[in-house]
Amino acid sequence: MYVGLDLGTSGLKGVLIGADQKVRAEATAPLTVQRPHEGWSEQSPSDWISAAEAVLDQLAAQGLGQVRGIGLSGHMHGATLLDKADEVLRPCILWNDTRAHAEAAALDADPRFRKLTGNIVFPGFTAPKLVWVARHEPAIRDRVAKVLLPKDYLRLWLTGDHVGEMSDAAGTSWLDTGKRDWSDELLAATGLGRAQMPRLVEGSQVSGILRDGLASRWGLPKGVVVAGGGGDNAASGVGVGVVRAGEAFVSLGTSGVLFAANDGYQPDPATAVHTFCHALPDTWHQMGVILAATDALNWYARLVGTDAARLTGELGTLQAPGKTLFLPYLGGERTPLNSATVRGAFTGLEHATDRQAATRAVLEGVTYAIRDSRDALAATGTRLENLLAVGGGSRSDYWLRLIATALDCPVQLPVAGDFGGAFGAARLGLMAATGAGAEIATLPPIARVIEPDPGLKDAFDAGHARFRAAQAAIRSLP
């Protein structure tokens, strides 16, 4: 059997799978985020350990004596700072913390960062956080002996080793993403060196061995390997089988992610597309990220005093877009706008705009934003042949038909089941323990395929053009 641990912002999830990759048990433990100042977002790494202990306690009730491998997944970009004794120096600065926006802009102005990493330096990335700490907490910065990403701190607890892997490291602004190695040049530009970084392995490789004391505590055998693992989206890609060029998934969660696998490195930072290493060797992935997907629908549902499921359930068959447009930038936007200040809007409101028309406009606006990400990926040469839909929003048939038609791409809906980061981490644990590769990262069973509606394609093309015009207009507003 194999264990996958996925460290999320709001909780840690564990799954136990067999050699047949069927889930035997699941467990979760909650986590909270501290926001001591505006724009700050932090967690205590000790809480991650407590959550992992709680999850392993639950999984151990199923019996862990046949476990051979453990895989790790986690939220990316977090700055976990350790001293020479591996003691945590301050709370981890998380991915959605924006305090280092000025430092990020300064690093991004240095052309070496985009050239070597293949990405814009976003405020949430790790490198600008270390520059912020050096500027505002110099006594702490002087004691930093190691910088670990969140899941890699769990690994330190599990194995005693400082190890990272490529997919997570690609989100630090320190990795030469094409060479899949730390960049000494970029580290030096932020006052750091390779000695302060963990050594790197591929996500499917062995990163260490579970400590004997932890193995005996939960009834695991000695010698259980811990895989490199992956950043949360890369691990989810392994979980849903999106590991080969042409495969992609759209995640309709709080935020929206369009994730495509590539067998080559083809960055284009100007598009605000993330180009990262995948969790498997010689594979990369690209992501377009929109900040409000189901978050936008839930916001509108609160506004009209109902819930999202009721709103989408009222819609019936797919209709051509009306005059009303919605721009879903409730808290800024990532791809392709790269703007923390742009805000959303309804336009084209008229007497005929009733609740259902506005609901359709919200779904259309989020879908057009996903199409923008698709277009940004296409500008780098990435083509989508299949699109798998996951996340809470995929429960809406109307939304799936809308996405298929507006993106002119069939959408596959998996059978019920969680194929996310924890499952992908367990698959990586299986690979590390057995030597298996990408061939075991198969697509999940597909319940059905939603085809584009050819009769509405032109209408949604025109709707997207109007959306882009409105987008340009609101970006000029103060």
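The paragraphs below set out a description of the structure included in this document. No experiment lies behind these values; they were computed from the predicted model shown.

1. Section: the overall build of the protein chain
Inference 1: Tallying secondary structure elements over the protein chain gives 16 helices and 24 strands in all.
Inference 2: For 478 residues, the compact-globule formula gives about 23 Å, and the C-alpha radius of gyration of the protein chain, at 22 Å, lands near that figure.
Inference 3: Each principal axis of the C-alpha distribution contributes one length, and for the protein chain these read about 70 × 50 × 40 Å.
Inference 4: Counting every position in the protein chain, which comprises 478 residues, the buried fraction comes to 60%.
Inference 5: Residue pairs in contact within the protein chain that sit at least 24 positions apart in sequence constitute 72% of those at least 6 positions apart.
Inference 6: Total accessible area on the protein chain is roughly 17700 Å²; 51% of this is exposed by carbon and sulfur atoms.
Inference 7: For the protein chain, the separation between the mean place of its 44 positive charges and that of its 50 negative charges on side chains is 1 Å.

2. Focus on the packing of helix H13 (residues 355–378) against helix H16 (residues 457–475)
Inference 1: Their axes nearest at 10 Å, the elements H13 and H16 cross at an angle of 85°. With respect to H16, the axis of H13 lies roughly perpendicular. Between H13 and H16, the residues in contact are Glu364, Gly365, Tyr368, Ala369, Arg371, Asp372 and Asp375 and Phe460, Asp461, Gly463, His464, Phe467, Arg468 and Gln471, respectively.
Inference 2: In the contact of H13 with H16, the residues fall into 4 nonpolar, 4 polar and 6 charged.

3. What about the pattern of salt bridges?
Inference 1: Tallied over the entire structure, the rule returns 27 salt bridges.
Inference 2: Here Glu247 makes a salt bridge to Arg244, at a shortest N to O gap of 3.2 Å.
Inference 3: Residue Arg244 is classed as partly exposed on the basis of its relative accessible area, which comes to 32%.
Inference 4: By sharing partners, the salt bridges in this structure join Glu42, Arg90, Asp97, Arg99 and Glu137 into a single network.

4. Some thoughts on the packing of aromatic side chains
Inference 1: Under the definition given, this model contains 13 aromatic pairs.
Inference 2: Residues Phe125 and Phe276 carry aromatic rings whose centres are separated by 6.2 Å and whose planes lie at 50° to one another, so their mutual orientation is tilted. Of the two residues, Phe125 is situated in the loop between helix H3 (111–117) and helix H4 (126–136) and Phe276 in strand E18 (residues 274–277); the sequence distance between them amounts to 151 residues.
Inference 3: Residue classification places Phe125 among the buried positions, given a relative accessible area of 1%.

5. Observations concerning the pairing of strand E3 (residues 23–30)
Inference 1: As paired strands, strand E2 (residues 11–17) and E3 are joined by 7 bridges and run antiparallel to one another. Considered in E3, the bridge of Val15 is made with Glu26.

6. Description of the sheet that holds strand E22 (residues 386–390)
Consider a sheet: its strands pair through backbone hydrogen bonds, and that pairing is either parallel or antiparallel.
Inference 1: Pairing within the open sheet is mixed, and its 7 strands lie in the order E18-E19-E17-E16-E22-E23-E24. In the strand order of this sheet, the two ends are held by E18 and strand E24 (446–450), each with one partner. Neighbour to neighbour, the strand axes of the sheet diverge by 25° on average, direction disregarded.
Inference 2: In the sheet, E22 pairs with strand E23 (residues 411–414) via 2 bridges, with the strands oriented parallel. Note on E23: the bridge partner recorded for Leu388 is Gln412.
Inference 3: In this fold H13 packs onto strand E16 (247–252), strand E17 (256–262) and strand E19 (284–290), with an angle of close to 150° to the strand it touches most, E19.

7. Brief notes about helix H14 (residues 397–407)
An α-helix turns once every 3.6 residues. As a result, residues three or four positions apart point the same way.
Inference 1: H14 sits mainly inside the fold: 9 of its 11 residues count as buried.
Inference 2: Taken residue by residue, H14 has Tyr398, Trp399, Leu400, Leu402, Ile403, Ala404, Thr405, Ala406 and Leu407 as its buried positions.
Inference 3: Taken from the residues just after H14, Asp408 is the one with a positive phi, measuring 50°.

8. A short note on unusual backbone geometry
Glycine aside, a negative phi is what most residues show, and trans is what most peptide bonds show.
Inference 1: Looking along the chain, the bond that leaves Thr335 and enters Pro336 is cis, with omega of -5°.
Inference 2: Here the phi dihedral of His77 falls at roughly 75°; this positive angle occurs in a residue that is not glycine.
Inference 3: Structurally, the position occupied by His77 is in the loop between strand E5 (69–74) and strand E6 (80–82).
Inference 4: The backbone of Asp282 sits at a positive phi, close to 55°, despite the residue not being glycine.

9. Quick word on the environment of Ala465
Inference 1: By the element assignment, Ala465 lies in helix H16.
Inference 2: Separated by 97 residues in sequence, Ala465 and Tyr368 have C-alpha atoms that sit 9.3 Å apart.

10. Things to note about H13
Inference 1: Taking 1.5 Å per residue as the helical rise, H13 with its 24 residues ought to reach 34 Å, and the 34 Å between its terminal C-alpha atoms agrees with that figure.
Inference 2: Among the 24 residues that make up H13, 20 are buried, leaving the element largely enclosed by the rest of the structure.

11. Describing the pairing of E22
Inference 1: Across the 5 residues of E22, 4 count as buried, placing the element largely inside the fold.
Inference 2: Here E16 pairs with E22 via 5 bridges, running parallel. From the neighbouring strand, Glu247 faces E22, where its bridge partner is Asn386.

12. Details of the nonpolar core
Inference 1: Counting 53 residues, the largest nonpolar core has Leu387, Trp399 and Val411 as its most contacted members.
Inference 2: Ranked by residue count, the leading element in this core is H13, at 10 residues.
Inference 3: Sequence-distant contacts of Trp399, defined by excluding residues within four places in its chain, comprise Leu252, Ala293, Thr294, Leu297, Leu363, Val366, Thr367 and Gly393.
Inference 4: Counting residues in hydrophobic clusters, the runner-up holds 48 residues, among them Leu81, Leu89, Ala100 and Met197.

What counts and what doesn't
- Residues numbered from 1 in each chain as written.
- Predicted model: local features only at pLDDT ≥ 70, side-chain atom pairs only at ≥ 80, totals over all residues.
- Heavy atoms only, no water.
- Helix = DSSP H or I, 4+ residues; strand = E, 2+ residues; numbered from the N terminus.
- Rg over C-alpha atoms; globule rule 2.2 N^0.38 Å.
- Buried < 20%, exposed > 50% of the residue type's maximum accessible area, 1.4 Å probe, protein only.
- Contact = heavy atoms within 4.5 Å.
- Areas by Shrake-Rupley, 256 points an atom, 1.4 Å probe, with all protein chains shown as cover.
- Lys, Arg positive; Asp, Glu negative; His and termini not counted.
- Charge placed at Lys NZ, Arg CZ, Asp CG, Glu CD.
- Axes fitted to C-alpha atoms, helices over the stretch in contact; angles between N-to-C directions.
- Parallel < 35°, antiparallel > 145°, perpendicular 65-115°, else oblique.
- Nonpolar A, V, L, I, M, F, W, Y, C, P; charged D, E, K, R; others polar.
- Salt bridge = Lys/Arg side-chain N within 4 Å of Asp/Glu carboxyl O.
- Phe/Tyr/Trp six-rings, centres within 6.5 Å; stacked < 30°, edge-to-face > 60°.
- Pairing = 2+ DSSP bridges.
- Expected span 1.5 Å × (residues − 1).
- Core = buried A, V, L, I, M, F, W, Y, C linked by side-chain atoms within 4.5 Å.

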